[in-house]
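Analysis of the macromolecular model
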Amino acid sequence: MLPEELASIDLGALQTLIAVQDCGSFSEASMRLGVNQSTISYTIKRLRGAFNDPLFVRQGNAVLATEKCSQLAQEARRIIEQMGAISSPLGFDPATAEGNVTISCNHHERMFLIPDLVRRAQREAPNARIHIFESAVDGRQHLKQNTSDIVLGPVSIFGEAFYRRKMFTDFYACVMDPGHPLAQGDVSLERYRTMQHVAVTHNGRWEALYFAALRAMDIAITPAVTVSSHDILERLIPGSDLVATIPYRLAGRLSERLALRRFPVDVSIQVDMYWTERTHHSGLHRWVRQILADVARTNLRDEEAGDIAWEGAPDTP
């Protein structure tokens, strides 16, 4: 039999442990869980006694997890995800479904996938709530901390704890003012490297894939302007000498005030969908994931028949 102190530990206590580890603070964990800080302190005290370990040690204004605490938190996440999966109802009807689905993604995926998803969800599952978060470079952390249910993006999230589904493949295009010299004819590397560039960096924490491809060819460019997101480009570029190198499927959805040309180097952008065991068997979440896959396929087909496609555009996966 389990010792009495260990037998008294419930899922709520394990959630508290995870929250403190993720937040590095008792006070922030209390805000995340919506409980008093004294409740957090009492729960951690119980866990310390049950596992015969301090679990957290203070360093400055933060608390750091011990080695045993890190092992325990990893197991706690797995247990909570499995219990969530077991508790999911076997049947699912979107018309009567209630619940929340949180999706973490960036401007590229929001423009290509999210509007059609939301319209269909509102029509077919009016009681479901869709929340869209900015993922920047934190998608893996969002899944790990259970702040998001689905992550969409050109990221590689490895590990047995994560499920993955391919969504679509993209490549890079150049957008500029129609009066820009690059807007006339094909874009050569020689012309491209001399231009004034604007780059999206997610607050300096991310570098687009095309930079590495250029460096491999001994071509280095220094952006004249960096911005945190693609959403400002439609207002920033018109009337300027700036050239933005962005995903083709996003470029095709920007303002008609911008000229679109293909980037002179082949660089694939693989956009995938990730989720965890916690929502893997949930009827609502499975339904949303399938809609996202359907939207991707439909939009790819529409592009093939539309005006923004050109020779060499990526194929439908």
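All of these numbers come straight from a predicted model, not from anything done at the bench. (Residues numbered from 1 in each chain as written. Predicted model: local features only at pLDDT ≥ 70, side-chain atom pairs only at ≥ 80, totals over all residues. Heavy atoms only, no water.)

1. As for the nonpolar core
Selection criterion: Only buried residues count toward a nonpolar core, which is a set of Ala, Val, Leu, Ile, Met, Phe, Trp, Tyr and Cys residues joined through side-chain atoms within 4.5 Å. In this scheme, a residue with accessible area under 20% of its type's maximum is buried, one over 50% is exposed, and one in between is partly exposed, where area comes from a 1.4 Å probe on protein chains only. Strands are runs of DSSP state E lasting at least two residues, helices are runs of H or I lasting at least four, and both sets are numbered from the N terminus onward.
Core analysis: the largest hydrophobic core is formed by 48 residues, its most contacted members being Ile103, Leu152, Tyr210 and Leu292. It is helix H14 (residues 283–305) that contributes the most residues to this core, 8 residues altogether. Formed by 21 residues, the second largest nonpolar core is a distinct cluster that contains Ile18, Phe26, Ile44 and Leu47.

2. Overview of the sheet that holds strand S10 (residues 242–247)
Quick note on the threshold: At least two DSSP bridges between two strands are needed for those strands to be called paired. Only the contacting stretch of a helix is used when fitting its axis, a line to C-alpha atoms as for every element, and angles between N-to-C directions run 0 to 180 degrees.
Ordered in space as S9-S8-S10-S7-S11, the 5 strands form an open sheet in which the pairing is mixed. Each edge of the open sheet carries a strand with a single partner, namely strand S9 (225–227) and strand S11 (259–262). Adjacent strand axes in the sheet meet at a mean angle of 30° when their direction is disregarded. In this structure, strand S7 (residues 172–176) lies alongside S11, joined through 4 bridges in antiparallel fashion.

3. Things to note about the UniProt feature "domain: HTH lysR-type" (unreviewed entry) in the protein
The line we're drawing: UniProt positions are given in the numbering used here, feature names are shortened, and annotations may be inferred rather than shown by experiment.
In this structure's numbering, the residues bearing the UniProt feature "domain: HTH lysR-type" (unreviewed entry) are residues 9–66. Segment residues 9–66 splits into 62% helix and 14% strand. End C-alpha atoms: 19 Å apart.

4. Here we look at the packing of helix H2 (residues 11–23) against helix H4 (residues 37–51)
This is how it is decided: Here is the rule for angles: anything less than 35 degrees is roughly parallel, anything more than 145 is roughly antiparallel, 65 through 115 is roughly perpendicular, and the remaining ranges are oblique. The criterion used for residue contact is that any of the two residues' heavy atoms lie within 4.5 Å. Nonpolar residues are Ala, Val, Leu, Ile, Met, Phe, Trp, Tyr, Cys and Pro. Charged residues are Asp, Glu, Lys and Arg, and all others, Gly as well, are polar.
With their axes 10 Å apart at the nearest point, H2 and H4 run at an angle of 105° to one another. For the element pair H2 / H4, the angle class is roughly perpendicular. Residues Ala13, Thr16, Leu17 and Val20 of H2 pack against Ile40, Thr43, Ile44, Arg46 and Leu47 of H4. Partitioning the contact of H2 with H4 into residue classes produces 6 nonpolar, 2 polar and 1 charged.

5. Remarks on the sheet that holds strand S12 (residues 269–276)
One open sheet holds the 5 strands; their spatial order is S4-S3-S5-S12-S6, and the pairing between them is mixed. Two strands bound the open sheet, and with one partner strand each, they are strand S4 (128–134) and strand S6 (162–170). Each neighbouring strand pair of the sheet contributes to a mean axis angle of 20°, computed without reference to strand direction. Strand direction decides the pairing type here: strand S3 (residues 99–105) and S4, joined by 7 bridges, are parallel. Paired with Cys105 across the bridge in S4 is Glu134. Along the sheet, helix H7 (residues 114–124) contacts S3, S4 and strand S5 (150–153); its crossing angle with S3, the most-contacted strand, is approximately 175°.

6. A closer look at a nonpolar patch on the surface
Counted only if it meets this: The residues that make up patches have over 30% relative accessible area and no salt bridge, and they are joined within 9 Å when like-charged or within 5 Å when they are Val, Leu, Ile, Met, Phe, Trp or Tyr. Surface accessibility follows the Shrake-Rupley procedure with a 1.4 Å probe radius. Residue values consider only the protein chains on display as shielding. Here, a salt bridge means any Lys or Arg side-chain nitrogen found within 4 Å of an Asp or Glu carboxyl oxygen.
A cluster of nonpolar side chains, namely Leu11, Ile79 and Met83, defines an oily patch on the protein surface of about 230 Å² accessible area. Along the chain, Met83 turns up in helix H5 (residues 67–87). Judged by its relative accessible area of 43%, Met83 falls in the partly exposed class.

7. Remarks on the environment of Thr201
Just so we agree on the cut-off: Side-chain atoms alone can form a polar contact between residues adjacent in sequence; in general such a contact is a pair of N or O atoms within 3.5 Å, and within protein one must be able to donate a hydrogen while the other accepts it.
Within the secondary structure, Thr201 sits in the loop between strand S8 (196–200) and helix H10 (209–216). Sequence separation between Thr201 and Glu98 is 103 residues, and the spatial gap between their C-alpha atoms is 37 Å. With residues near it in sequence (within four places) discarded, Thr201 still touches Trp206, Thr226 and Val227. Of note is the side chain of Thr201, whose polar atom sits 2.9 Å from the backbone nitrogen of Gly204.

8. Some points on the packing of aromatic side chains
Here a ring pair, both rings aromatic, is described through the centre-centre distance and the interplanar angle of the planes. As a reminder of what qualifies: When two rings of Phe, Tyr or Trp (its six-membered ring) have centres within 6.5 Å they constitute a pair, described as stacked for plane angles under 30 degrees, edge-to-face for angles over 60, and tilted for the intermediate range. We count a charge as sitting over a ring when the NZ of a lysine or the CZ of an arginine lies within 6 Å of the ring centre and within 35 degrees of the ring normal.
The full count for this structure, using the stated rule, is 10 aromatic pairs. Look at Phe26 and Phe56: their rings are 6.4 Å apart centre to centre, the planes differ by 85°, and that puts the pair in the edge-to-face class. Of this pair, Phe26 sits in helix H3 (residues 26–33) while Phe56 sits in strand S1 (residues 56–59); the two residues are 30 residues apart in sequence, bridging distant segments of the chain. When the ring of Tyr163 is compared with that of Trp275, the centres are 5.7 Å apart and the planes differ by 10°; the resulting orientation is stacked. Note that Tyr163 is positioned in strand S6 and Trp275 in strand S12, a separation of 112 residues in sequence. Among the aromatic residues, those joined into a cluster by ring pairs are Tyr172, Tyr192, Tyr210, Phe211 and Phe263. It is Arg262 that lies over the ring of Phe171; its NZ or CZ is 4.0 Å from the centre.

9. Quick word on H2
Because an α-helix completes one turn every 3.6 residues, residues spaced three or four positions apart along the sequence face the same direction. To keep things clear, this is the line we draw: The span expected for a helix works out to 1.5 Å for each residue beyond the first.
A rise of 1.5 Å per residue sets the reference length of H2, with its 13 residues, at 18 Å; its end C-alpha atoms lie 18 Å apart and thus fit the reference within 8%. All of the buried residues along H2 are Ala13, Leu14, Thr16, Leu17, Ile18, Ala19, Val20, Asp22 and Cys23. Of the residues one or two after H2, Gly24 is the one with positive phi, at around 65°.

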